[in-house]
Amino acid sequence: EGGAVAVVVGSVLAVWLDNALYFVSGQASRKAGNLARHTHCVITVAAADALERNDLKELGRLMAEAHASYRNDFEGSCKEADLLVQLANQLPGLIGARLTGGGFGGCTVNLVSSTHAATFATSIQEAYKRQTGIDADVYLCRAAAGARAL
């Protein structure tokens, strides 16, 4: 039998049993859910800080942590998205990979150095097809400054 650990920090309760986070019913469930959401927000802020410092290694680590949070804490990933992230992590030029959007399957975002982007796109598409028989759509794009006040 594995061990169990319950941690209360302020008004947040996390219950770990056999190396997994469990959400329990009632008030404790809401508190455990708040912990998962808080963790995801902390990752997002840390990723923004890493971008400002141009720390791409840390950004990649945080993207992996965010994907693990979607998969484990929210149970919002799926085997196809997990496979895409796994395949991406094996390819040259990857900075970071994770599920994107609302979760529950769909898309991954892969930050890749521009010198590897075209080869990366072809390689991940081919590897995914070999393992699943599914043709994945891959879109190459560049980051932009985004919306701003003029």
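### Observations regarding the overall build of the protein chain
Counting secondary structure elements, the protein chain contains four helices and five strands. Tracing the protein chain from N to C terminus, the helices and strands come up as β-β-β-α-α-α-β-β-α. Looking at the protein chain as a whole, 29% of its 150 residues are labelled buried. The long-range fraction of contacts in the protein chain, counting pairs at least 24 apart against all pairs at least 6 apart in sequence, stands at 37%. Carbon and sulfur atoms make up 55% of the accessible area of the protein chain, which amounts to about 9,900 Å² in all.

### Considering helix α4 (residues 117-132)
Taking 1.5 Å per residue, 16 residues should reach 22 Å; α4 reaches 22 Å between its end C-alpha atoms and fits that length. Along α4, the residues that are buried comprise A117, F120, A121, I124, A127 and Y128. Taken end-on, α4 shows its buried residues confined to a sector of 145°, consistent with a single buried face. Set apart from the buried face of α4 by more than 90 degrees, the exposed residues are A118, T119 and R130. At its buried positions, α4 is contacted by α3 (79-88), β4 (94-100) and β5 (107-112). Phi for G133, located one or two positions after α4, is positive at around 80°.

### Concerning α3
Residues three or four positions apart in an α-helix share a direction because the helix packs 3.6 residues into each turn. Residues of α3 that are buried: A81, L83, L84, V85, L87 and A88. Among the structural elements, α2 (56-72), β4, β5 and α4 are those in contact with the buried residues of α3.

### Focus: the confidence of the model for the protein chain
Here the protein chain averages 77 in pLDDT, while 71% of its residues score no lower than 70. Mean pLDDT across the elements of the protein chain ranges from a minimum in strand β1 (residues 4-9), with 41, to a maximum in α4, with 95. Segment residues 1-31 is flagged for pLDDT under 50; beyond a separation of four residues in sequence, or across chains, it makes 39 contacts in the model.

The rules behind each value
- Residues numbered from 1 in each chain as written.
- Predicted model: local features only at pLDDT ≥ 70, side-chain atom pairs only at ≥ 80, totals over all residues.
- Heavy atoms only, no water.
- Helix = DSSP H or I, 4+ residues; strand = E, 2+ residues; numbered from the N terminus.
- Buried < 20%, exposed > 50% of the residue type's maximum accessible area, 1.4 Å probe, protein only.
- Contact = heavy atoms within 4.5 Å.
- Areas by Shrake-Rupley, 256 points an atom, 1.4 Å probe, with all protein chains shown as cover.
- Expected span 1.5 Å × (residues − 1).
- Arc of directions from axis to C-beta.
- pLDDT = per-residue confidence, 0-100.

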